[in-house]
Amino acid sequence: VALGDLGSVDPVSTVFGLDRGTAVDRVPIERFLARHAADVRGNVLEVADSLYTRRFGGAAVSRADVLHAPPGGRDATVVGDLGGRLPVDDGTYDCVILTQTLQFVFDVGHAVAEVHRILRPGGVLLLTVPGISQISRVDMDRWGDFWRFTTRSTERLLAEAFGGDVRVEAHGNVLLATAFLQGLAAEELPSWAFDREDRDYELVVCARAVRAA
Ligand SMILES: C[S@@+](CC[C@H](N)C(=O)[O-])C[C@H]1O[C@@H](n2cnc3c(N)ncnc32)[C@H](O)[C@@H]1O
C-alpha cells in the first residue's frame, strides 16, 4: 500500500472538504431525502435553515419553520433546545427534517421523544445522523459534539418513541469513509464510489419514522 498524499497525520481538509467542494456525506444524505421527498409537505420543521424543506418539498410545503439552539440564528423561527422542551405545541408538524443534528444533543432519547411530540399523528421524521465522522469542531465548542450512531442504536432509539413504524438504513463504504475523514470533496471521487454499500462502514445512518395515527 502506497499511502501517497494520505500518508500524513494531518487531514487534507479539516472542515469536511467544504473548502474543496461538497462534503462526501451530503451525497447519501440528499439521496435519502430525495427518495422521501413526498413526505416533505404541509408544516415542516428543519434545523438551521430551510434548504432541504424548499428543495425537496417545494410547493407542497405550507409552512417552513427553522429550529436553532439558543441563542438562535439568522433564519430561526423556533429557538429551542432539543434536550429540553421546544416552544412548539403538540402535533404541529407534518414533517421534521433532522439532518446531522442529534449528535449535538446529549440526551438523545429525550430529543427523539420531543420530535415525536411535535409531529402530528401520521407525521414523518426524516433523520440523518453521522456514523463515521471527524469531530465538528465549531459545534463541539458551542454546544458539544457528543455521539456517533449505528443502525442498531438508531433503531432502538427511534423505536422507544415511535414504536413500530421506523425504517433505518446506512450508507457508506471504506472509500467514502476514508475520503470523508480526510476531508476530500464529493467531486474528487468517481461516481461509482457512491453506489457500493458496505454494511461494515456506516458513514451515515438515515431513518424514516412515522408517528402513529
Ligand atoms: C450542522 S447544523 C445541522 C443542520 C443542517 N440543516 C444540516 O443539514 O447540516 C447544526 C445545528 O444544530 C443545532 N443544534 C445544536 N444543538 C441543538 C440543540 N440542543 N437543540 C436544537 N438544535 C441544536 C444548531 O442550532 C445548528 O443549527
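Everything here concerns the structure above.
The rules behind each value
Residues numbered from 1 in each chain as written. Predicted model: local features only at pLDDT ≥ 70, side-chain atom pairs only at ≥ 80, totals over all residues. Heavy atoms only, no water. Near = heavy atom within 4 Å. Polar contact = N/O pair within 3.5 Å; in protein donor to acceptor, adjacent residues only side chain to side chain. Areas by Shrake-Rupley, 256 points an atom, 1.4 Å probe, with all protein chains shown as cover. Nonpolar A, V, L, I, M, F, W, Y, C, P; charged D, E, K, R; others polar. Buried < 20%, exposed > 50% of the residue type's maximum accessible area, 1.4 Å probe, protein only. Helix = DSSP H or I, 4+ residues; strand = E, 2+ residues; numbered from the N terminus. Contact = heavy atoms within 4.5 Å. Pairing = 2+ DSSP bridges. Right-handed = clockwise from strand over helix to strand, strands pointing away. Patch = residues over 30% accessible without salt bridge, like charges linked within 9 Å, V, L, I, M, F, W, Y side chains within 5 Å. Salt bridge = Lys/Arg side-chain N within 4 Å of Asp/Glu carboxyl O.

Caption draft 1: Layout of the site of the ligand. The environment of the ligand is formed by 15 residues, the closest being Arg-26, Val-47, Asp-81, Leu-82 and Thr-99. In this structure, Arg-26 approaches the ligand through a side-chain N or O atom, which is 2.8 Å from an oxygen atom. Here the ligand has 590 Å² of accessible area as a free molecule, and 87% of this is covered by the chains. Class assignment of the residues belonging to the shell around the ligand gives a composition of eight nonpolar, five polar and two charged.

Caption draft 2: Spatial organisation of helix H1 (residues 26-35). Buried within H1 we find Val-27, Pro-28, Ile-29, Phe-32 and Leu-33. Check the buried side of H1 and you find it contacts helix H2 (51-57), strand E4 (93-99), strand E5 (119-130), strand E6 (166-171) and strand E7 (204-210).

Caption draft 3: Geometry of the pairing of E4. Most of E4 is tucked away: seven of the seven residues are buried. Pairing geometry for strand E1 (residues 42-47) and E4, over three bridges, is parallel. Across the sheet, Glu-46 pairs through a bridge with Ile-97, a residue of E4. Relative to E5, E4 runs parallel, the two sharing six bridges. For Val-96, the partnering residue across the bridge sits in E5 and is Leu-125. This β-α-β element, E4 to helix H3 (residues 108-118) to E5, shows right-handed connectivity.

Caption draft 4: Fine view of the environment of Val-96. On the secondary structure map, Val-96 appears in strand E4. Sequence separation of Val-96 and Asn-43 is 53 residues, and the distance between their C-alpha atoms is 8.6 Å. What Val-96 contacts, discounting residues up to four positions off in sequence, is Leu-45, Val-115, Ile-118, Leu-119, Val-124, Leu-125 and Leu-126.

Caption draft 5: Quick peek at a nonpolar patch on the surface. A contiguous nonpolar patch, built from Val-174, Leu-175, Trp-192 and Tyr-201 and spanning about 400 Å² of accessible area, is present on the exposed surface. Mapped onto the elements, Trp-192 comes out in the loop between helix H6 (174-182) and E7. On the basis of relative accessibility, which here comes to 59%, the residue Trp-192 falls in the exposed class.

Caption draft 6: Inspection of the pairing of strand E2 (residues 61-68) at higher detail. For E2, a buried count of six out of eight residues is recorded, marking the element as mostly surrounded by other parts of the structure. Pairing of E1 with E2 involves six bridges; the strand directions are parallel. Residue Glu-46 lies in a different strand from E2, and its bridge partner there is Val-66. Once you follow E1 into H2 and on to E2, the crossover reads as right-handed.

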